[in-house]
Structures are given as C-alpha cells and as structure tokens.
Amino acid sequence: MAPEYAVELRSVSKVFPARRQKGRETTAVNAISLQIAPGEFFTLLGASGCGKTTTLRLIAGFEHPSSGEILLQGMPITNMPPHKRPVNTVFQNYALFPHMSVAQNIAFGLTVQRLPKAERDKRVHEALELVRLPDIANARPSELSGGMQQRVALARALVNRPKLMLLDEPLSALDLKLRQAMRLELKNLQAQVGITFIYVTHDQEEALAMSDRIAVMNGGRVEQVADPASIYNRPANRFVADFIGETNFLPGKVAAWENHRARLAVGRQTVWATADEPLPVGRAVTLVVRPEKVFLTRPEKSNGRLHLQGTVNQVVYLGTDTRYTVRLEDGVALVALARNLNGDGPLYPGETVHVHWHDYDARVLQE
Amino acid sequence: MASISTPFDPQAPAAEKRRLLLIMGPPTLALLLFFMLPLGVMALYTFQSGTLGGGMTWSLDTYRRFWQDSALHRLLWRSALVSLQTSLWCIVLAYPIAYYLVFRAGERRMTLLTLIIIPAWTSYLLRILAWKLILGTEGLLNTFLLWVGWIERPSPILLFSQTAVIVTLVYVWVPFVALPIFAALERMDKRLLEAAADLGSPPWHSFLRITLPLSLPGVVAGFLSVFIPTLGEYVTPLLVGGVNGIMYGNLIQDQFVRALNWPLGSLMSLVMLLALLPMFLLFRRSDEVLQP
C-alpha cells in the first residue's frame with residue numbers, strides 16, 4: 001500500500017530547556033499536526049520565532065521532538081539521527097564546505113553512499129546542469145556569488161534524489177531581483193524533479209507565489225493550513241488575516257443571518273458580509289475586508305446598495321493604484337486601494353464617500 | 001612590497017608620509033637595533049676563530065670545524081627528533097582537549113580553558129622542577145610503582161633520560177597547542193556538521209572530512225609553536241635530561257658559557273635558524289592551502 005503522506009507530523013512539540021538558572025524553558029513548537037502529500041510544495045510561513053525553523057529541524061533530525069511523532073512515507077522517524085534520514089536540506093546560509101570544490105561539495109552525499117566514481121561524476125554533472133551551472137565544478141564556494149552558491153546548495157541536496165527536500169529561507173540572502181527570478185525557477189525545478197518540498201519563509205509574497213499549500217505559524221502553533229488563495233481570501237482568524245497582506249478590521253454586531261450571509265451593524269449603518277456558520281443576532285464580531293476589494297464612490301453615484309459612509313482622509317498615489325484612507329462616521333479608519341483606470345478620476349481629501357464591497361469579499365470573524 | 005614602499009611613494013602627500021613614518025618608524029628601528037643588528041654581529045662572529053679573550057682571528061676555521069664534527073650534526077638531528085616527538089604528542093593530547101572544549105563543554109568551556117592556561121602563569125622553571133619531583137627516585141611515580149608492586153626498588157631511569165625531557169616538554173607545551181586548535185575549531189561554522197549529517201554522513205566521517213581538515217591550520221600553528229622553541233631548548237634537558245637527554249641547545253650554551261668559543265656557538269645558532277626556515281615555508285603554504 002502506498003503511503004498516503006510524504007510526511008506526517010502527529011502532535012509534535014519541542015520544548016527547549018531553560019538556559020542557566022534564570023531563563024525559562026521555551027516551547028518552540030506546540031502540538032503541531034501536519035499532513036504533507038507526495039510531490040507537494042508545502043510552505044511554513046511565519047515571523048521569526050514562530051517555530052517554523054524548529055519544525056524544519058525536527059523533520060531533518062537536527063532536533064528531536066519532546067513529544068509527538070514524525071512519519072516519513074508512513075515510517076516513524078521520530079528519533080532517527082539526521083544522517084539516516086532520506087531527507088536533504090538547503091540551508092539558509094547554504095553551509096557549503098569551504099575546503100572543497102563545487103563538485104566535491106555536490107558529490108559529498110554520493111561519496112558517503114560509496115557510489116562508484118563514474119556514476120558519481122555523472123550525477124554531479126547532471127545536478128549542475130539542472131541548476132544551470134555546468135562550468136563551475138572546480139571552483140571553490142568562496143569564489144562564487146550568493147546566487148551561485150545558492151544553486152550549488154540546491155544541487156548538493158538534489159543530487160541525492162531525496163524523498164523530501166527541506167528549504168530553510170533559501171532565498172533570503174539574495175537581492176530582490178534575483179530572489180524573484182529564483183522563486184519561479186525553484187518552483188519549476190520542483191515540478192521537474194517531483195520531490196516533495198517543505199519550504200520555510202517569513203516572506204508572504206514568496207509563500208503565496210510558490211506554494212501548493214501554506215501553513216501559517218504563530219507562537220509555535222499552526223494557525224491555518226490552506227492553498228494560497230484560501231489563505232488570502234478566507235483567513236481562518238485575525239492573525240492570519242493580519243499577517244498576510246493588508247486588511248481592514250471593522251467591529252460590528254450581527255443584525256441578521258441568512259444563507260451564509262450576515263447583515264452587520266457597523267456604526268449606524270449596516271452592510272453584508274459572508275459568514276459560513278449561523279450567527280445569533282446581537283453577537284459582536286469583526287468584519288474583515290481587503291483594501292483592494294473596497295469600492296469608494298461619491299454619494300451621487302452610489303446605487304442604493306448597503307454602504308458605510310465616511311470622509312476621505314489621505315490620498316497616496318502609487319502608480320498602478322491609489323491608496324485612500326477613509327475615516328468612517330464612528331471614527332474607525334479604513335484603507336481602500338483603487339486601480340487607476342480611466343474612470344471617475346481621483347477622490348480628494350475631505351470628500352464624503354460611500355464605502356461598499358461585494359458580499360462575498362467581506363468575511364465575518366468570530367472572536 | 002607595495003605597502004612597504006608606500007611611505008616613499010613620491011605622489012603620497014607629505015602629511016601622509018610623515019604619519020606613516022611616525023607609525024612605522026619606532027617598531028622598524030627596534031627591530032633593526034635589537035634583532036637584525038645582533039643577528040648580523042652573530043654572523044660576523046662565525047667568520048672568526050679562537051676563544052673569547054684568547055685572541056680572535058678572521059678565518060673560516062669555525063666552518064671547517066663544524067663541517068667535520070659529525071657528533072654535532074647527530075645531536076642537531078636528535079634534537080629535531082625530540083622536538084618532533086614533543087610536538088606530535090602535544091597535538092595528540094591537545095586535540096581532544098580542544099575538541100572537548102568546543103563541542104562538549106558547553107557553558108563551562110571558558111572556565112575549563114582558563115584552568116588549562118593558569119599553570120602556564122607559574123614559572124617555567126618551577127613547572128620543570130615539579131616533574132623532577134614526580135620522576136625522581138624519591139618521586140611520585142616511583143613511589144606509586146613500588147606501591148602497586150610493578151618494581152622492587154626505585155628506578156633512576158625515569159629521570160635523566162630523553163623520555164623525561166619529552167614528557168616534561170609535552171606537559172609544558174600542551175596548552176599552547178590546545179589554544180590554536182581551540183581557536184580553529186571555534187571559528188569553524190558548526191552548521192557545516194549539520195549539513196554533512198544531512199547528506200548522510202555519520203559523525204566519524206564528518207569529523208574526518210569536515211572538522212579535521214578545517215582545524216588543520218590550528219594544528220599546524222600548534223605544531224610550529226612547539227617545534228620551533230623546543231629545538232633550541234636547553235633548560236629542560238639540563239634539569240631532567242641528564243647525559244642522555246642532552247640537546248643541541250645545551251651545546252650552544254656550552255660554547256658561549258664554558259668553552260668561550262663564541263664563533264662556533266654563533267655558527268651553531270645560525271645553522272639551527274636555517275634549519276627552521278623550511279618550517280616557516282610549511283606554515284605559509286598550509287595557510288594558503290587550508291584557508292578557504
């Protein structure tokens with residue numbers, strides 16, 4: 001029977017003991033459960049200190065969990081030392097061996113496996129072709145640029161044909177242009193070799209662009225696991241909504257609920273928002289809506305839909321978009337992002353505007 | 001050479017030239033006065049013969065004498081072997097210490113490192129005399145061997161032998177070898193070991209392929225910092241070496257102090273200096289090869 005998951009974490013926790021007498025023990029990873037499918041590009045996304053790197057190190061075997069179980073293709077590997085795991089890592093600082101040539105670096109894993117030299121050379125060559133660096137086999141890592149070192153680190157991991165590859169912020173040391181180019185390249189490479197990738201990053205844009213699924217982490221816990229569009233459009237909670245992209249949070253009270261829609265009282269007005277679960281009338285909730293989903297119209301052009309009313313406070317021209325800050329009647333600030341198409345022309349500070357959105361673009365969060 | 005010629009660069013502004021002369025001047029002067037000049041005087045002595053106070057003449061007799069005295073050559077060779085053995089034992093003993101301090105000692109490492117260095121603060125002579133007490137006929141080692149019944153009467157051979165010289169020198173020099181190895185291991189990026197393990201390398205393999213090669217500059221530095229000074233060693237052989245433990249340095253001292261043959265003593269010193277030159281080349285070469 002083929003194992004269902006490439007990797008499975010069952011309620012894995014990692015508690016680091018206190019350093020010296022003064023310190024307190026820290027729970028870096030708190031009862032995380034994840035199932036990652038074969039061939040998936042899976043991303044652990046979170047701010048520094050959220051436990052994403054520790055999770056990766058637990059899977060690589062550099063740390064052992066305080067409790068819980070880790071399975072690789074259905075086999076428990078919880079306490080297996082790292083050198084016995086068919087898992088390879090691309091490290092944040094690349095960790096290339098400075099006293100070896102590029103070819104020796106890439107061949108390292110194959111040498112350990114005692115592969116014959118001819119086979120080894122062939123695979124090193126293939127790996128270098130794969131990362132599009134065929135001519136630097138004899139260079140030392142210190143002679144290479146950051147981007148090239150990054151590719152060598154990739155080749156060194158890929159050449160072993162691991163079941164699973166772990167990537168710890170591999171692009172964070174590169175400059176912006178190169179980083180954006182490498183995103184695409186890495187994604188294509190993963191599709192080409194078909195290896196399961198677990199990718200750690202704090203860069204939400206990177207996560208959204210590359211991943212099949214994203215686990216948003218915070219304080220050692222997983223806040224939400226979903227595909228990029230769902231993470232963005234249907235954040236599970238306030239943390240995810242706030243962490244990914246820019247979001248407006250508006251306090252409201254449930255006025256009615258029908259057919260997955262809730263009518264909310266925000267200040268003295270009411271608006272519609274999506275709510276999957278039935279909500280009792282009078283419940284205090286938070287309405288979440290992305291700035292680019294908010295429309296601002298002059299009152300005379302408003303077509304009578306439910307809306308909020310406010311005053312334009314600040315206008316920032318961004319080229320493709322204009323960013324408006326609107327102060328609603330009850331004093332809450334709201335951000336709207338409008339495409340600069342040939343239309344009504346810009347709004348000006350001090351103007352009274354109607355604020356509205358499509359029902360399905362605004363969501364209700366219960367807290 | 002470019003940096004040395006900077007003060008004389010005609011295009012450098014005068015103020016810059018003055019500043020460089022001010023910085024470089026005193027040490028250069030001190031080096032010339034207290035190092036190069038005496039060395040030159042010593043070299044001049046080798047072209048003389050006779051005893052100090054008994055009339056010296058310019059001649060190449062000293063060279064002839066040194067060339068023909070095979071006992072001197074043998075002693076230089078034997079001293080080199082003593083230094084070599086001392087250096088190698090120092091490395092064998094110091095490497096595990098340094099390794100333990102860097103990889104296993106954790107938060108106690110600085111305390112332990114200090115403990116290793118503290119004995120080096122006491123007088124060099126005192127430390128050698130301590131070994132005389134340990135190795136002597138009334139000493140700790142003999143008493144212990146008598147007590148366990150391995151020997152029936154105190155053995156004098158422990159003291160006053162080449163082995164005694166090596167044991168004592170190793171004791172004295174181990175901390176100075178441990179330090180550069182410690183520094184090299186400390187400087188090593190520990191994540192490289194994780195990378196090696198990640199690529200399937202068992203710990204011993206990682207040690208041989210990663211840790212050891214990357215710590216070699218420290219090992220070479222440690223080796224030289226023992227080999228060079230111990231080759232000219234004469235105090236330790238004098239105190240614990242006896243007749244069999246005598247070293248080249250003792251003979252040099254004899255020429256200056258007892259035989260008053262300064263020309264021969266000078267020549268012997270110069271020969272030793274030249275013998276050490278390849279060592280410096282080895283050091284430079286190892287630095288080039290091993291430094292990433």
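No experiment lies behind these values; they were computed from the predicted model shown. (Residues numbered from 1 in each chain as written. Chains lettered and ligands numbered in written order. Predicted model: local features only at pLDDT ≥ 70, side-chain atom pairs only at ≥ 80, totals over all residues. Heavy atoms only, no water.)

**Observations concerning the overall build of chain A**
Inference 1: Tallying secondary structure elements over chain A gives eight helices and 20 strands in all.
Inference 2: In terms of overall dimensions, chain A has a C-alpha envelope of 80 × 50 × 45 Å along the principal axes.
Inference 3: Expressed as a percentage of the 367 residues in chain A, the buried residues total 50%.
Inference 4: Considering only residue pairs separated by 6 or more positions, chain A has 66% of its internal contacts joining residues 24 or more positions apart.
Inference 5: Within the structure as shown, chain A displays about 17500 Å² of accessible surface, and the carbon and sulfur contribution to it stands at 50%.
Inference 6: Charge separation in chain A, taken as the distance between the mean sites of 43 positive and 37 negative side-chain charges, equals 6 Å. (Helix = DSSP H or I, 4+ residues; strand = E, 2+ residues; numbered from the N terminus. Buried < 20%, exposed > 50% of the residue type's maximum accessible area, 1.4 Å probe, protein only. Contact = heavy atoms within 4.5 Å. Areas by Shrake-Rupley, 256 points an atom, 1.4 Å probe, with all protein chains shown as cover. Lys, Arg positive; Asp, Glu negative; His and termini not counted. Charge placed at Lys NZ, Arg CZ, Asp CG, Glu CD.)

**Things to note about the overall build of chain B**
Inference 1: Helices and strands together make up the secondary structure of chain B, namely 13 helices and two strands.
Inference 2: Here chain B has a C-alpha radius of gyration of 24 Å; the compact-globule value for 292 residues is 19 Å, and the former is much larger.
Inference 3: When the backbone C-alpha atoms are referred to their principal axes, chain B occupies close to 75 × 70 × 35 Å.
Inference 4: For chain B, the exposed surface amounts to about 17000 Å²; the carbon and sulfur share of it is 72%. (Rg over C-alpha atoms; globule rule 2.2 N^0.38 Å.)

**Some remarks on the interface of chain A and chain B**
Inference 1: Across the contact, 25 residues belong to chain A and 21 residues belong to chain B.
Inference 2: Buried area between chain A and chain B, summed over both chains or domains, comes out near 2100 Å², and the portion from carbon and sulfur atoms is 62%.
Inference 3: On the chain A side of the contact with chain B, His83, His99 and Phe108 of chain A bury the most area, a combined 27% of that side's loss.
Inference 4: Our count for the chain A to chain B interface comes out at one salt bridge.
Inference 5: Where glutamate 194 of chain B meets arginine 57 of chain A, a salt bridge forms, and the shortest distance between an N and an O atom there is 2.6 Å.
Inference 6: For the interface between chain A and chain B, the tally reads six residue pairs in polar contact (both at pLDDT 80 or more).
Inference 7: At the level of secondary structure, the elements contributing two or more residues to the side of chain A that touches chain B comprise α1 (52-60), β6 (87-90) and α2 (102-112) of chain A.
Inference 8: When the residues that make up the side of chain A that touches chain B are grouped by side-chain class, the tally is twelve nonpolar, nine polar and four charged. (Buried area = accessible area lost by both parts, 1.4 Å probe. Salt bridge = Lys/Arg side-chain N within 4 Å of Asp/Glu carboxyl O. Polar contact = N/O pair within 3.5 Å; in protein donor to acceptor, adjacent residues only side chain to side chain. Nonpolar A, V, L, I, M, F, W, Y, C, P; charged D, E, K, R; others polar.)

**Focus: unusual backbone geometry**
All names here are of chain A.
Inference 1: If you check the backbone angles, alanine 95 has positive phi at about 45 degrees while not being a glycine.
Inference 2: Turning to its location among the elements, alanine 95 is positioned in the loop between β6 and α2.
Inference 3: In this structure, arginine 161 is a non-glycine residue whose phi angle is positive, near 50 degrees.
Inference 4: Inspection of the secondary structure puts arginine 161 in the loop between α4 (146-158) and β7 (164-168).
Inference 5: We classify arginine 161 as exposed; its relative accessible area is 51%.

**A few points about the domain arrangement of chain A**
Residue and element names in this part refer to chain A.
Inference 1: Considered domain by domain, chain A is made up of domain 1 (7-242) and domain 2 (246-365).
Inference 2: Relative to domain 2, the C-alpha centre of domain 1 lies at a distance of 40 Å.
Inference 3: Broken down residue by residue, the surface that domain 1 buries against domain 2 is led by Tyr232, Arg238 and Ala241, which jointly contribute 59%.
Inference 4: Counting across the interface, domain 1 meets domain 2 through five residue pairs in polar contact (both at pLDDT 80 or more).
Inference 5: When residues of the side of domain 1 that touches domain 2 are traced back to their parent elements, those giving at least two are α7 (228-233) and α8 (238-243).
Inference 6: Its residues placed into classes, the side of domain 1 that touches domain 2 shows five nonpolar, two polar and three charged. (Domains from an automatic or database assignment.)

**Remarks on the pairing of β6 of chain A**
Residues and elements named next belong to chain A.
Inference 1: Going residue by residue along β6, you find Val87 and Thr89 tucked away on one face and Asn88 and Val90 tucked away on the opposite face as well.
Inference 2: Note: β6 against β7, four bridges, orientation parallel. The residue of β7 that forms the bridge with valine 90 is leucine 167. (Pairing = 2+ DSSP bridges.)

**A word on the packing of aromatic side chains**
Inference 1: One pass over the structure, following the stated rule, counts 15 aromatic pairs over all chains.
Inference 2: Following the ring pairs from residue to residue traces out a cluster consisting of Tyr95, Tyr99, Phe103 and Phe207 of chain B.
Inference 3: Just above the ring of tryptophan 272 of chain A sits the side chain of arginine 261 of chain A; from NZ or CZ to the centre is 3.6 Å. (Phe/Tyr/Trp six-rings, centres within 6.5 Å; stacked < 30°, edge-to-face > 60°. Lys NZ or Arg CZ within 6 Å of the ring centre and 35° of its normal.)

**A look at the pattern of salt bridges**
All names here are of chain A.
Inference 1: Enumeration according to the criterion identifies 27 salt bridges over all chains in this entry.
Inference 2: Linking glutamate 185 and arginine 132 is a salt bridge whose minimum nitrogen-to-oxygen distance equals 2.8 Å. Taken together, the residues glutamate 185 in helix α5 (residues 176-193) and arginine 132 in the loop between α3 (117-130) and α4 connect sequence positions 53 residues apart.
Inference 3: By relative accessible area, arginine 132 is classed as exposed at 53%.

**Some words on the sheet that holds β7 of chain A**
Residue and element names in this part refer to chain A.
Inference 1: The strand order β6-β7-β8-β3-β9-β10 describes an open sheet built from six strands, whose pairing is mixed. Two strands in the sheet have a free side with no partner beyond their single neighbour: β6 and β10 (221-226). Recorded for the sheet is a direction-independent mean angle of 20 degrees between the axes of neighbouring strands.
Inference 2: Of the pairings in the sheet, the one linking strand β3 (residues 41-45) to strand β8 (residues 196-201) comprises five bridges and is parallel in character. Across the sheet, residue leucine 45 finds its bridge partner in β8, namely threonine 201.
Inference 3: Most of the contacts of α1 go to β7, to which it runs at about 150 degrees, and overall it touches β3, β6, β7, β8 and β9 (213-218). (Axes fitted to C-alpha atoms, helices over the stretch in contact; angles between N-to-C directions.)

**Description of the sheet that holds strand β18 (residues 333-339) of chain A**
Residue and element names in this part refer to chain A.
Inference 1: As summarised here, the arrangement of the five strands in space is β15-β19-β16-β17-β18, forming an open sheet in which the pairing is antiparallel. The two strands at the open ends of the sheet, each matched to only one other strand, are β15 (295-297) and β18. Taking each pair of neighbouring strands and ignoring which way they run, the sheet shows an average axis angle of 45 degrees.
Inference 2: As paired elements, strand β16 (residues 308-317) and strand β17 (residues 321-328) share seven bridges and run antiparallel to each other. Its bridge partner being in β17, threonine 311 is matched across the sheet by arginine 327.

**Overview of α4 of chain A**
Inference 1: Across its 13 residues, α4 of chain A extends 18 Å between first and last C-alpha, which sits within 8% of the 18 Å expected from 1.5 Å per residue.
Inference 2: Taking burial as the measure, the 13 residues of α4 of chain A include eleven buried ones, the bulk of the element.
Inference 3: Within the span of α4 of chain A, buried status applies to Gly147, Gln149, Gln150, Arg151, Val152, Ala153, Leu154, Ala155, Arg156, Ala157 and Leu158 of chain A.
Inference 4: Buried positions along α4 of chain A lie against β6, α2, α3, β7 and α5 of chain A together with α9 (191-198) of chain B. (Expected span 1.5 Å × (residues − 1).)

**Observations regarding the packing of helix α8 (residues 162-187) of chain B against helix α10 (residues 203-231) of chain B**
All names here are of chain B.
Inference 1: Here α8 crosses α10 at 150 degrees, and the two axes come no closer than 8 Å. Accordingly, the angle class assigned to the pair α8 and α10 is roughly antiparallel. Between α8 and α10 lies a crossing whose hand is right-handed. Touching Leu169, Trp173, Phe176, Val177, Pro180, Ile181, Ala184 and Leu185 of α8 are Thr211, Leu214, Ser215, Gly218, Val219, Ala221, Gly222, Ser225, Val226, Pro229 and Thr230, all from α10. (Parallel < 35°, antiparallel > 145°, perpendicular 65-115°, else oblique. Left-handed = near helix turned anticlockwise from the far one by under 90°.)

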